[in-house]
Amino acid sequence: MENLTDRVRAFAEERDWQQFHTPKNLAMALAGEVGELIAEFQWLTPKQSAAVMSDQDAGSRVRAEIGDVMIYLTRLADVLGIDLVEAALTKLEDSARRYPVEQARGSAAKR
């Protein structure tokens, strides 16, 4: 993760883009990229969506959009000084407390 963060930061710095990489702008760009990822699945059936990577063209587009999402999320976390892995692990621990296996298994109910 650190290598990716460093590469994304260097990419922005080499182009003097850090001036545009405010948290607001990065969050908006991230939302836009998530929207593009969603568009790849919009009209697929559940079965088609599960098999999307077996289609070379669709799989390539999905992979590219996930890459864009990851880059913007990585950059946003870097600009905000958030350790992305630590944030995810903390959230996972919180979710494990909120949704204990014995109560949440097989249920999509939110608490």
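For the structure, check the block above.
Keep in mind that this is a model prediction, so the values were computed, not measured. (Residues numbered from 1 in each chain as written. Predicted model: local features only at pLDDT ≥ 70, side-chain atom pairs only at ≥ 80, totals over all residues. Heavy atoms only, no water.)

Asker: I tried to follow the pattern of salt bridges on my own but got confused; where do I start?
Answerer: Between side chains of opposite charge, a pair can form when the charged atoms approach closely. One pass over the structure, following the stated rule, counts six salt bridges. Glu14 serves as the salt-bridge partner of Arg15, at 3.3 Å between the closest nitrogen and oxygen. When its relative accessible area of 36% is taken as the criterion, Arg15 is described as partly exposed. Residue classification places Glu14 among the exposed residues on the basis of a relative accessible area of 64%. Of the charged contacts, one joins Asp78 and Arg75 as a salt bridge, the two residues approaching to 3.3 Å between their closest N and O atoms. Of the two residues, Asp78 and Arg75 are both situated in helix α4 (residues 56-80); the distance of three residues between them amounts to about one turn of the helix. With relative accessibility at 6%, the residue Arg75 sits in the buried group. (Salt bridge = Lys/Arg side-chain N within 4 Å of Asp/Glu carboxyl O. Buried < 20%, exposed > 50% of the residue type's maximum accessible area, 1.4 Å probe, protein only. Helix = DSSP H or I, 4+ residues; strand = E, 2+ residues; numbered from the N terminus.)

Asker: Sorry if this is basic, but what is going on with helix α5 (residues 84-98) here?
Answerer: Every α-helical turn comprises 3.6 residues, leaving residues that sit three or four positions apart pointing alike. With 15 residues, α5 should reach 21 Å at 1.5 Å per residue; the first-to-last C-alpha distance of 21 Å fits that figure. Between a side-chain oxygen at the N-terminus of α5 and the backbone nitrogen of Val85 the separation is 3.1 Å; the capping residue is Asp83. (Expected span 1.5 Å × (residues − 1). Polar contact = N/O pair within 3.5 Å; in protein donor to acceptor, adjacent residues only side chain to side chain.)

Asker: How should I be thinking about the environment of Thr22 in this particular structure?
Answerer: Along the chain, the position of Thr22 falls in the loop between α1 (2-14) and α2 (23-41). You can call Thr22 partly exposed: its relative accessible area is 31%. Residues Thr22 and Gly35, spaced 13 residues apart in sequence, show a C-alpha to C-alpha distance of 20 Å. In terms of polar contacts, Thr22 uses its side chain to reach the backbone amide nitrogen of Asn25, at 3.1 Å.

Asker: Quick question: what am I supposed to make of α4 here?
Answerer: Helix length check: α4, at 25 residues, gives a terminal C-alpha distance of 36 Å against a target of 36 Å (1.5 Å per residue), a fit within 8%. Among all positions in α4, only Ala58, Gly59, Val62, Glu65, Val69, Thr74, Arg75, Leu76 and Ala77 are buried. Summarising the contacts, the buried residues of α4 are in contact with α1, α2 and α5. Sitting at the amino-terminal end of α4 is Asp55, which places a side-chain oxygen 3.0 Å from the backbone nitrogen of Asp57. Positive backbone phi, approximately 75°, marks Gly81, located one or two places after α4. (Contact = heavy atoms within 4.5 Å.)

Asker: Help me understand the packing of α1 against α4 in this model?
Answerer: Helix-helix packing: each pair is described by the crossing angle between the helix axes and the interaxial distance. Running from N to C, α1 and α4 point in directions that differ by 85°, and their axes come no closer than 9 Å. What the angle tells us is that α1 and α4 run roughly perpendicular. Judged by residue contacts, Leu4, Thr5, Val8, Arg9 and Ala12 of α1 engage Met70, Ile71, Thr74, Arg75 and Asp78 from α4. Tallied by class, the residues present in the contact of α1 with α4 amount to five nonpolar, two polar and three charged. (Axes fitted to C-alpha atoms, helices over the stretch in contact; angles between N-to-C directions. Parallel < 35°, antiparallel > 145°, perpendicular 65-115°, else oblique. Nonpolar A, V, L, I, M, F, W, Y, C, P; charged D, E, K, R; others polar.)

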